[in-house]
Amino acid sequence: MQTQARISIRPFSFPEDYKDVYTLWERSGDGIHLRRSDSPAEIEKKIARDPDLFLLAETADSVIGAVMGGFDGRRGMMYHLAVAPEYRRKGVANLLVDALEVRLKAKGCIRYYLLVTKDNEEAIRFYQARGWENMDDLYAFAKDLD
Ligand SMILES: CC(C)(COP(=O)(O)OP(=O)(O)OC[C@H]1O[C@@H](n2cnc3c(N)ncnc32)[C@H](O)[C@@H]1OP(=O)(O)O)[C@@H](O)C(=O)NCCC(=O)NCCS
């Protein structure tokens, strides 16, 4: 389905957009795991770096999608891609990820990663449709530092 012309993409602003985006994530279902990294203090820390990679999709009156990107000089990351349930299958995620990829490439990023839970079929279908490869020969490891 075609993207509606009245949807625009712009960078996230802290603190103005925080509440709307957090509400969007809360409404997005089990695919978005909200953790301490999503607290206001942690989001403020995140956008001190790569502020131009945290993008929102909005209509004239509300935030309907968001994606948070990062680039560490070698690899990029994509976090918390979400579209409001009533706006899905209209190309909004494609619009957000297209915009993120333009920005990542402009920074010199040649490869980027994401994590998705194995039961998140909608998101997996979306990523497959965009040409992502499942690195199923790898484990994803994580460690808390405090
Ligand atoms: C995954 C998600 C972001 C996709 O957003 P979206 O705006 O609906 O995606 P798009 O409309 O841009 O979809 C583009 C293409 O991806 C594929 N796709 C997207 N959702 C799909 C679904 N539910 N089933 C099958 N294919 C799907 C299709 O090929 C689609 O093109 P088409 O509609 O022309 O067939 C959305 O379902 C979502 O917010 N999910 C909950 C949050 C989440 O789990 N995020 C991922 C965290 S890892």
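For clarity, every value in this text was computed on a predicted model and none was experimentally measured.

1. Comments concerning the site of the ligand
And then number 1: Taken together, the neighbourhood of the ligand is formed by 23 residues, with Leu81, Val83, Arg89, Gly91 and Asn120 sitting nearest.
And then number 2: Here an oxygen atom of the ligand sits 2.8 Å away from a polar atom, N or O, in the main chain of Gly91.
And then number 3: Contact between the ligand and Glu122: an oxygen atom at 3.4 Å from a side-chain N or O atom of the residue.
And then number 4: Look at the ligand: alone it shows 920 Å² of surface, and the protein chains cover 82% of it.
And then number 5: When contributions to the shell around the ligand are tallied by element, the ones reaching two or more residues are strand 4 (76-83), helix 3 (92-106) and helix 4 (121-129).
And then number 6: If one sorts the elements of the shell around the ligand by residue count, helix 4 sits on top with six residues.
And then number 7: Of the residues contributing to the shell around the ligand, the split by class is 13 nonpolar, five polar and five charged.

2. Examining helix 2 (residues 40-48)
And then number 1: Where helix 2 is concerned, the buried positions are Ile43, Lys46 and Ile47. Down the axis of helix 2, the buried side of the element spans an arc of 90 degrees, and every buried residue falls inside it. Exposed residues on helix 2 whose side chains face more than 90 degrees from its buried face are Ala41, Lys45 and Ala48.
And then number 2: Asp50 lies just past helix 2 and shows a positive phi near 55 degrees.

3. Here's the deal with the packing of aromatic side chains
And then number 1: Within the structure shown, the criterion is met by nine aromatic pairs.
And then number 2: Plain terms: the ring middles of Phe14 and Tyr18 are 6.1 Å apart, the flat faces sit at 75 degrees to each other, and that makes the pair edge-to-face.
And then number 3: Among the aromatic residues, those joined into a cluster by ring pairs are Phe12, Phe14, Tyr18, Tyr22, Trp25 and Phe54.

4. Concerning the nonpolar core
And then number 1: Counting residues in hydrophobic clusters, the biggest one holds 40 residues, and the most contacted among them are Trp25, Phe54 and Met78.
And then number 2: Among the secondary structure elements, those contributing two or more residues to this core are helix 1 (18-26), helix 2, strand 2 (54-58), strand 3 (63-71), strand 4, helix 3 and helix 4.
And then number 3: Considering every element that reaches this core, the biggest residue donor is helix 3, with seven residues.
And then number 4: Apart from residues lying up to four places away in sequence, Trp25 is in contact with Ile32, Leu34, Asp38, Ile43, Phe54, Ala66, Met68, His80 and Ala82.

5. A word on the pattern of salt bridges
And then number 1: One pass over the structure, following the stated rule, counts 13 salt bridges.
And then number 2: Between Lys45 and Glu42 there is a salt bridge; the shortest N-O distance is 2.9 Å. Taken together, the residues Lys45 and Glu42, both in helix 2 and three residues apart, mark about one turn of the helix.
And then number 3: Lys45 gets classed as exposed once you look at its relative accessible area, which sits at 53%.
And then number 4: Look at Glu42 and you get partly exposed, because its relative accessible area is 29%.

6. Topic: the sheet that holds strand 2
And then number 1: Reading across the sheet, the five strands line up as 1-2-3-4-5 and stay open at both edges, with mixed pairing between neighbours. Edge positions in the open sheet fall to strand 1 (8-11) and strand 5 (112-113), since each of these has one partner strand only.
And then number 2: Relative to strand 3, strand 2 runs antiparallel, the two sharing five bridges. Across the sheet, Ala57 pairs through a bridge with Gly65, a residue of strand 3.
And then number 3: Helix-sheet contacts for helix 1 involve strand 2, strand 3 and strand 4, and the interaxial angle to strand 3 is about 95 degrees.

Parameters and conventions
- Numbers given for residues are sequential positions, taken from 1 along each chain in its written order.
- Selection of residues for local features in this predicted model requires a pLDDT of at least 70, selection of side-chain atom pairs for listing and counting requires 80 or more, and totals for whole chains, interfaces and linings are taken over all residues.
- To obtain the side-chain values, all non-hydrogen atoms of the structure were used and water was disregarded.
- Only a single heavy atom is needed: when it lies within 4 Å of a molecule or strand, its residue is near that molecule or strand.
- Contacts described as polar in this section are N or O atom pairs within 3.5 Å, which, within protein, must combine one atom able to donate a hydrogen with one able to accept it, while residues neighboring in sequence count only if both atoms come from side chains.
- Residue exposure ignores everything except the shown protein chains as possible cover, and the areas themselves are Shrake-Rupley values with a 1.4 Å probe.
- Numbering of helices and strands starts at the N terminus; helices are DSSP runs of H or I of at least 4 residues and strands are runs of E of at least 2.
- We call Asp, Glu, Lys and Arg charged. Ala, Val, Leu, Ile, Met, Phe, Trp, Tyr, Cys and Pro are nonpolar, and the rest, Gly among them, are polar.
- Here the term buried applies to any residue with accessible area under 20% of the maximum for its type, exposed to any over 50%, and partly exposed to those in between, with areas from a 1.4 Å probe on protein chains only.
- In this description, the arc belongs to the directions extending from the helix axis to the C-beta atoms.
- Only centres within 6.5 Å qualify two rings of Phe, Tyr or Trp (six-membered ring in Trp) as a pair; their planes then separate them into stacked at under 30 degrees, edge-to-face at over 60, and tilted for everything else.
- Take the buried Ala, Val, Leu, Ile, Met, Phe, Trp, Tyr and Cys residues and link them wherever side-chain atoms come within 4.5 Å; each set so joined is a nonpolar core.
- Pairs of residues are marked as contacts when any of their non-hydrogen atoms sit within 4.5 Å.
- Salt bridge, as used here: a side-chain nitrogen of Lys or Arg that lies within 4 Å of a carboxyl oxygen of Asp or Glu.
- Strand pairing follows a simple DSSP-based rule, namely that at least 2 bridges must link the two strands.
- For helices, the fitted line uses only the C-alpha atoms of the stretch in contact; every axis is such a line through C-alpha atoms, and the angle between N-to-C directions lies from 0 to 180 degrees.

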